[in-house]
Amino acid sequence: MSVETLEFQAETKRLLDLVVNSIYTNKEIFLRELISNASDAIDKLHFESLTNHELLDGDENFEIFVLPDSDTKTVTISDNGIGMTRGEVVANIGTIAKSGTRAFLEKIRANENNLNEELIGQFGVGFYSAFIVAEKVELITRKAGETSAVKWTSEGAGEYTLEDCEKDSRGTTIILHLKPEFCGGEEFDFTNTYELESLVKKYSDYIRYPIKMNFVKTDEEKNETVEIRTVNSMQPLWTRNKSDIKPEEYEEFFKHQFHEWENPMEIFHTKAEGTTEYTALLCIPKHAALNLYFADYEAGLQLYSRHVFVMDKCKDFLPDYLRFIKGLVDSPDLPLNISRELLQQSREVKKIGKALEKNVLKQLSKMLKNDREKYEDFWAEFGKSLKIGIYNNSYDEKIKDDLKDLLLFTTSKDKKFSTLAEYVERMPENQQKIYYAVGKDAETISKLPQMELLRDRNFEVLCLTDPVDEFAIDALKKYADKDIQSITREDFELDDDEAKKNKSEVEELAKSHEELLKDVKDAIGNEVYDVRLTSRLKTGAVCLATGAQGPSLNMEKTFAAMNNPFFRAMRILEINPNHELFKKLSGLHALDKNSDDFKNFCRLLYDQALLLEGIMPDNPVELANKIATLMAK
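What comes next concerns the included structure. Remember, predicted model here, so these are calculated numbers, not experimental data. (Residues numbered from 1 in each chain as written. Predicted model: local features only at pLDDT ≥ 70, side-chain atom pairs only at ≥ 80, totals over all residues. Heavy atoms only, no water.)

## Considerations on the overall build of the chain
A tally of helices and strands in the chain yields 21 helices and 23 strands. A separation threshold of at least 6 residues defines the contact pool for the chain, and within that pool the share at least 24 residues apart is 69%. For the chain, the exposed area adds up to about 31,100 Å²; of that, 47% sits on carbon and sulfur atoms. (Helix = DSSP H or I, 4+ residues; strand = E, 2+ residues; numbered from the N terminus. Contact = heavy atoms within 4.5 Å. Areas by Shrake-Rupley, 256 points an atom, 1.4 Å probe, with all protein chains shown as cover.)

Next comes the structure, spelled out in structure tokens:
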């Protein structure tokens, strides 16, 4: 086939420009990215060869070559990994296929003045880092098991060429034609063998395949010979004794192994012996991936057996609520030819998974106890995962019991984070329940009319500001034998003598105003389930409550945002009989319950209750007109 010229996808053009000009501030990082890609390609071939050994074609010595050339001003990185077909080259390099990468671009567009390198590691777009140092990039690749090869060439300016070519062996070779400033410049000389060797040791020392380079040796007679040397240690970090590993070694390992741009927040290195042997090296990243809670996020741990790579994303070790954990597991008790289906049924995997889950939760508990500031940083990034874990396992008492003491919520006391245990410890003797309210933020919650009576009694309220908070709390139901109660549910009531007395008086008053309450409901229509008088308001005129069972208003809004409008809260309009507006309402009703003034007044009360809950009325123009008419009288 002749040379074919193609254009990059529009988003890919944008990405190239960002990578070259904005994101990478560390120019030398290109080498780590390309070596990591080469290692991934060998991993993929190794995995495929477990079930199709013919792909290796007698070549089982996996290796990566890094070859600088000062004469041609090039750096060549080659591997004997899986390689690519022509179609795969177009799909993987010419097109952004993953929605996660689109999310990356959206993040960049929204915050172009505050770009940082951590973002790019979340989306696997490191190949494009080649254009930081190269004015032209050539890629020659041959898929394992195929005989034909393809050459891809681009100057990163919006288009690339494809052509068939010859290649003696499988794998991929990338040739970087360096920009002048990277060839013997004052700051960089990537044609210098020893400079590249130091970069390999700095960033890729723990790559598990040999990274080889040519070193020219000159004898006394000035004869030159070329010595091929392996420049990385290749000893898997996890096989060494923990006491011999420096913190910076762990950090660098995780950064290059999992394409992170910052040091991990927390590292777990565990070894187990006995009936099931394994070594696990796990970490909590510094920041959550932008697509952590989306379907395209690939969770799972790398799996090794006797230090040999088996699988990249094994989801069977950790529960979904720990999906943010990155790392690897190496066990001699797992067969090398294990398939995904067999793995799911493996008793050993389940045992390892339970042990890892227990260890992670133990370390989180220790962090919460001994380093509160660090735990709060963790919570800000990954707390949602634990809350989702409680909600998704609402019938699993053990999981709820494991997670409930790790939860943090801001409270009405000082707007700071609190555990449920700390909340209970601060409860006054006369407080029987744990109270919570849902809102945009703690400040908004503090202004809810239902909060007044609780403040009078010095009762603290949990402020649930994340949409998933209420789902998690609703799944818990109790903590330390105390009911967890929403202050906006219809069954909310205080238990002291004063509250009981007020409730009794309001119930008697409601009996004498049954017709009024019925007519208010009729004026509002089917939007409310009921209209009642309430004793839980002090100075507020109205509030909205929801049924004791079923979705709350917050849940209704959450479901609506997911395009599921069928989960509707049972809305109850509650009116304060001690407020001047109730007297006005009663007067209008006595004059003429069929009048527009009475009906408009009822709608205004309901719309006011909606606004207090942060819900925009269906017809804000009509609301504004009603207010204007009322103000004019």
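## Comments concerning the pairing of strand E17 (residues 434–438)
Burial analysis of E17 places 4 of its 5 residues in the buried class, which makes it a mostly covered element. In this sheet, strand E20 (residues 482–486) lies alongside E17 in parallel orientation, the contact comprising 3 bridges. When the sheet's bridge partners are listed, Tyr-436 is paired in E20 with Ser-486. Sheet topology note: the E17/strand E18 (residues 461–464) ladder contains 4 bridges and is parallel. Each residue of the ladder has a partner; that of Tyr-436, found in E18, is Leu-462. (Buried < 20%, exposed > 50% of the residue type's maximum accessible area, 1.4 Å probe, protein only. Pairing = 2+ DSSP bridges.)

## Structural notes on the sheet that holds E20
An order of E16-E15-E18-E17-E20-E19 is seen for the 6 strands of this open sheet, with the pairing classed as mixed. Of all strands in the sheet, those bounded by a partner on one side alone are strand E16 (417–418) and strand E19 (478–479). Judged from the 2 bridges that link them, E19 and E20 form a sheet pairing that is antiparallel. Its bridge partner being in E20, Tyr-479 is matched across the sheet by Lys-482. Along the sheet face, helix H15 (residues 469–476) touches strand E15 (409–411), E17, E18, E19 and E20 and points at about 135 degrees away from the line of E18. (Axes fitted to C-alpha atoms, helices over the stretch in contact; angles between N-to-C directions.)

## Remarks on the nonpolar core
Membership of the largest hydrophobic core comes to 73 residues, with the highest contact counts inside it found for Phe-317, Ile-325, Leu-356, Tyr-375 and Phe-378. The element best represented in this core is helix H9 (residues 347–370), accounting for 8 residues. Counting residues in each nonpolar core, the second largest holds 53 residues, with Ile-64, Val-150, Leu-176 and Val-200 among its members. (Core = buried A, V, L, I, M, F, W, Y, C linked by side-chain atoms within 4.5 Å.)

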